[in-house]
Amino acid sequence: MKPFMKKIIGLASAALLVPFVVPAVAPATDPPKPRKSVCAQDGRDKDYACMKVNAKKVPSSETATFTGNLSKSARKNLESWTKGENIVCLSRYATKPATDGGWPSQVLEAACTTIRKNGEFTISAELGRKGTYYYGLEMGPCRAKNIVECGEGDPGLIGVGSNDGNKALRLKTT
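Right, let's walk through the structure included here. Predicted model only: the values in this text are computed from it and were never measured. (Residues numbered from 1 in each chain as written. Predicted model: local features only at pLDDT ≥ 70, side-chain atom pairs only at ≥ 80, totals over all residues. Heavy atoms only, no water.)

1. What about the pairing of strand β9 (residues 131–139)?
Two faces make up the sheet, and in a regular strand the side chains alternate between them.
Phase 1 of the analysis: Taken across its nine residues, β9 has seven buried, putting it largely inside the fold.
Phase 2 of the analysis: Where strand β6 (residues 87–93) lies against β9, six bridges are found, and the strand directions are antiparallel. Opposite cysteine 89, over in β9, you have glutamate 138 as the bridge partner.
Phase 3 of the analysis: Alignment of β9 against strand β10 (residues 156–158), held across two bridges, turns out to be antiparallel. Note on β10: the bridge partner recorded for leucine 137 is isoleucine 158. (Buried < 20%, exposed > 50% of the residue type's maximum accessible area, 1.4 Å probe, protein only. Helix = DSSP H or I, 4+ residues; strand = E, 2+ residues; numbered from the N terminus. Pairing = 2+ DSSP bridges.)

Structure, rendered in C-alpha coordinates:
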(Lines give C-alpha, C1' and ligand atoms only; values in the text may rest on other atoms or scores of the structure.)
Protein backbone atom coordinates (compact mmCIF):
# COMPACT_ATOMS: atom_id res chain seq x y z
CA MET A 1 0.00 0.00 0.00
CA LYS A 2 1.27 3.43 -0.86
CA PRO A 3 2.25 5.79 2.01
CA PHE A 4 -0.37 8.30 0.85
CA MET A 5 -3.16 5.71 1.21
CA LYS A 6 -1.90 4.63 4.66
CA LYS A 7 -2.04 8.25 5.81
CA ILE A 8 -5.64 8.70 4.55
CA ILE A 9 -6.79 5.44 6.17
CA GLY A 10 -5.12 6.48 9.44
CA LEU A 11 -6.82 9.90 9.41
CA ALA A 12 -10.19 8.37 8.53
CA SER A 13 -9.86 5.86 11.38
CA ALA A 14 -8.99 8.62 13.84
CA ALA A 15 -11.94 10.70 12.64
CA LEU A 16 -14.30 7.79 13.29
CA LEU A 17 -13.00 7.32 16.85
CA VAL A 18 -13.11 10.95 17.94
CA PRO A 19 -16.92 11.18 18.34
CA PHE A 20 -16.87 8.16 20.66
CA VAL A 21 -14.24 9.47 23.05
CA VAL A 22 -15.89 10.38 26.36
CA PRO A 23 -14.09 12.85 28.63
CA ALA A 24 -13.07 11.33 31.95
CA VAL A 25 -13.96 14.47 33.92
CA ALA A 26 -17.08 16.61 33.72
CA PRO A 27 -16.57 20.12 32.38
CA ALA A 28 -15.36 22.59 34.97
CA THR A 29 -17.84 25.14 36.25
CA ASP A 30 -17.15 28.28 38.20
CA PRO A 31 -16.97 27.49 41.90
CA PRO A 32 -19.67 29.11 44.05
CA LYS A 33 -18.89 32.41 45.77
CA PRO A 34 -18.92 31.80 49.54
CA ARG A 35 -21.24 34.17 51.41
CA LYS A 36 -23.04 34.55 54.75
CA SER A 37 -26.31 35.29 52.94
CA VAL A 38 -27.86 34.10 49.67
CA CYS A 39 -31.09 34.40 47.70
CA ALA A 40 -32.45 31.97 45.14
CA GLN A 41 -34.50 33.08 42.16
CA ASP A 42 -37.44 31.38 40.50
CA GLY A 43 -38.64 32.84 37.21
CA ARG A 44 -39.96 36.33 37.89
CA ASP A 45 -39.45 36.03 41.65
CA LYS A 46 -35.97 37.49 42.35
CA ASP A 47 -36.07 36.76 46.09
CA TYR A 48 -37.87 33.41 45.94
CA ALA A 49 -36.02 32.21 49.03
CA CYS A 50 -33.33 33.99 51.07
CA MET A 51 -31.21 32.75 53.97
CA LYS A 52 -28.30 33.96 56.07
CA VAL A 53 -26.19 32.56 58.88
CA ASN A 54 -25.06 34.47 61.97
CA ALA A 55 -21.33 33.66 61.65
CA LYS A 56 -18.65 32.50 59.21
CA LYS A 57 -17.23 30.07 61.77
CA VAL A 58 -18.63 28.37 64.89
CA PRO A 59 -17.33 25.66 67.22
CA SER A 60 -19.00 22.34 66.36
CA SER A 61 -20.45 22.11 69.87
CA GLU A 62 -22.18 25.50 69.61
CA THR A 63 -25.34 26.61 67.84
CA ALA A 64 -25.40 28.29 64.45
CA THR A 65 -28.47 30.37 63.65
CA PHE A 66 -29.89 30.47 60.13
CA THR A 67 -32.60 33.00 59.36
CA GLY A 68 -34.44 33.86 56.19
CA ASN A 69 -37.68 34.32 54.36
CA LEU A 70 -39.71 32.84 51.53
CA SER A 71 -41.68 34.80 48.93
CA LYS A 72 -45.43 34.33 48.52
CA SER A 73 -44.90 32.00 45.56
CA ALA A 74 -42.34 29.92 47.51
CA ARG A 75 -44.77 29.67 50.44
CA LYS A 76 -47.55 28.55 48.07
CA ASN A 77 -45.27 25.82 46.65
CA LEU A 78 -44.20 24.80 50.17
CA GLU A 79 -47.82 24.62 51.34
CA SER A 80 -48.67 22.30 48.47
CA TRP A 81 -45.54 20.16 49.01
CA THR A 82 -46.03 19.71 52.78
CA LYS A 83 -49.85 19.77 52.70
CA GLY A 84 -49.97 22.82 54.93
CA GLU A 85 -47.28 21.79 57.44
CA ASN A 86 -44.94 24.42 55.93
CA ILE A 87 -41.73 22.81 57.22
CA VAL A 88 -38.27 23.61 55.86
CA CYS A 89 -34.95 21.90 56.69
CA LEU A 90 -31.27 22.71 56.26
CA SER A 91 -29.28 20.74 53.75
CA ARG A 92 -25.49 20.33 53.73
CA TYR A 93 -23.20 20.24 50.68
CA ALA A 94 -19.48 19.55 50.33
CA THR A 95 -17.45 22.53 49.11
CA LYS A 96 -16.44 20.69 45.94
CA PRO A 97 -18.72 19.03 43.39
CA ALA A 98 -18.82 15.28 42.83
CA THR A 99 -16.80 13.86 39.92
CA ASP A 100 -19.90 14.04 37.71
CA GLY A 101 -20.19 17.80 38.40
CA GLY A 102 -23.29 17.48 40.60
CA TRP A 103 -23.70 18.79 44.14
CA PRO A 104 -25.21 15.98 46.22
CA SER A 105 -26.69 17.11 49.51
CA GLN A 106 -27.68 15.69 52.85
CA VAL A 107 -30.93 16.91 54.43
CA LEU A 108 -30.38 17.68 58.12
CA GLU A 109 -33.66 16.38 59.52
CA ALA A 110 -32.73 17.55 63.04
CA ALA A 111 -32.46 21.12 61.69
CA CYS A 112 -36.02 21.85 60.56
CA THR A 113 -38.58 24.51 61.42
CA THR A 114 -42.02 25.76 60.47
CA ILE A 115 -42.30 28.91 58.35
CA ARG A 116 -44.07 31.77 60.14
CA LYS A 117 -47.14 33.36 58.49
CA ASN A 118 -45.05 36.31 57.26
CA GLY A 119 -42.71 33.91 55.41
CA GLU A 120 -39.79 34.23 57.84
CA PHE A 121 -37.98 31.38 59.56
CA THR A 122 -35.23 30.73 62.11
CA ILE A 123 -33.29 27.49 62.40
CA SER A 124 -30.91 27.06 65.33
CA ALA A 125 -28.72 24.04 64.81
CA GLU A 126 -25.79 22.38 66.53
CA LEU A 127 -24.13 21.01 63.41
CA GLY A 128 -21.69 18.67 65.15
CA ARG A 129 -19.56 17.76 62.14
CA LYS A 130 -16.29 19.68 61.88
CA GLY A 131 -15.33 21.17 58.53
CA THR A 132 -16.33 23.72 55.93
CA TYR A 133 -19.63 23.14 54.17
CA TYR A 134 -22.20 24.93 52.06
CA TYR A 135 -25.74 25.01 53.42
CA GLY A 136 -29.05 25.13 51.61
CA LEU A 137 -32.75 24.98 52.38
CA GLU A 138 -35.17 22.20 51.42
CA MET A 139 -38.90 21.82 51.73
CA GLY A 140 -39.86 19.43 54.52
CA PRO A 141 -41.31 15.94 54.07
CA CYS A 142 -43.52 15.69 51.01
CA ARG A 143 -47.17 15.14 51.85
CA ALA A 144 -48.67 16.59 48.67
CA LYS A 145 -52.20 15.58 47.68
CA ASN A 146 -50.88 14.70 44.24
CA ILE A 147 -48.37 11.86 44.78
CA VAL A 148 -46.70 12.68 41.43
CA GLU A 149 -45.55 15.98 42.95
CA CYS A 150 -43.55 14.05 45.58
CA GLY A 151 -41.96 11.72 43.06
CA GLU A 152 -41.13 14.23 40.35
CA GLY A 153 -40.96 17.57 42.18
CA ASP A 154 -37.82 19.29 43.43
CA PRO A 155 -37.88 20.16 47.15
CA GLY A 156 -34.89 22.51 46.90
CA LEU A 157 -35.37 26.15 47.81
CA ILE A 158 -31.73 27.23 48.22
CA GLY A 159 -28.83 25.12 47.04
CA VAL A 160 -25.45 25.38 45.38
CA GLY A 161 -25.19 26.71 41.85
CA SER A 162 -28.81 27.85 41.69
CA ASN A 163 -28.56 31.02 43.75
CA ASP A 164 -28.39 34.61 42.57
CA GLY A 165 -24.85 35.46 41.43
CA ASN A 166 -23.62 31.87 41.96
CA LYS A 167 -23.39 32.53 45.72
CA ALA A 168 -23.48 29.74 48.29
CA LEU A 169 -23.98 29.95 52.04
CA ARG A 170 -20.75 28.73 53.65
CA LEU A 171 -20.07 27.96 57.29
CA LYS A 172 -17.01 26.45 58.94
CA THR A 173 -17.39 24.39 62.11
CA THR A 174 -14.28 23.88 64.23
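Resuming the write-up.
2. As for the state of the cysteines
Phase 1 of the analysis: Evaluated as defined, the whole model comprises three disulfides.
Phase 2 of the analysis: In this model, cysteine 89 is linked to cysteine 112 through a disulfide, with the two sulfur atoms separated by 1.9 Å. As the torsion about the S-S bond is roughly 105 degrees, the cysteine 89-cysteine 112 disulfide counts as right-handed. Of this pair, cysteine 89 sits in strand β6 while cysteine 112 is found in strand β7 (residues 105–114), placing the two residues 23 residues apart along the sequence.
Phase 3 of the analysis: Given the relative accessible area of 4%, cysteine 89 is considered buried. (Disulfide = S-S within 2.5 Å.)

3. Some words on the nonpolar core
Phase 1 of the analysis: Within the largest apolar cluster, 31 residues are counted, with the highest numbers of intra-cluster contacts made by Phe66, Leu70, Val88, Leu90, Ile123, Leu127 and Leu137.
Phase 2 of the analysis: Not counting the four nearest positions on each side in its chain, leucine 70 is found in contact with Tyr48, Ala49, Arg75, Leu78, Val88, Ile115, Gly119, Leu137 and Leu157. (Core = buried A, V, L, I, M, F, W, Y, C linked by side-chain atoms within 4.5 Å. Contact = heavy atoms within 4.5 Å.)

4. Concerning the layout of surface pockets
Sizing a probe to match a water molecule and rolling it over the atoms shows the empty space that remains.
Phase 1 of the analysis: Volume-wise, the largest pocket comes out at about 270 Å³.
Phase 2 of the analysis: Around the largest pocket, the lining comprises 18 residues; the ones closest to its centre are Asp42, Tyr48, Asp154, Gly156 and Leu157.
Phase 3 of the analysis: When contributions to the lining of the largest pocket are tallied by element, the ones reaching two or more residues are β2 (37–42), α2 (72–82), β9 and β10.
Phase 4 of the analysis: Taken together, the residues that form the lining of the largest pocket break down as eight nonpolar, six polar and four charged. (1 Å grid on protein atoms, 1.4 Å probe; cavity = no way out; pocket = protein on both sides within 12 Å on 5 of 7 lines; lining within 4 Å. Points joined across faces, edges and corners; volume = space filled by probe spheres on them. Nonpolar A, V, L, I, M, F, W, Y, C, P; charged D, E, K, R; others polar.)

5. Details of the sheet that holds strand β3 (residues 45–53)
Phase 1 of the analysis: The strand order β2-β3-β5-β8 describes an open sheet built from four strands, whose pairing is antiparallel. Every other strand in the sheet has two partners, leaving β2 and β8 (120–126) as the edge strands with one partner each. Taken pair by pair, the neighbouring strands of this sheet meet at an average axis angle of 20 degrees, ignoring direction.
Phase 2 of the analysis: Where β3 and strand β5 (residues 63–70) come together, five bridges link them in antiparallel fashion. Each residue of the ladder has a partner; that of methionine 51, found in β5, is glycine 68. (Axes fitted to C-alpha atoms, helices over the stretch in contact; angles between N-to-C directions.)

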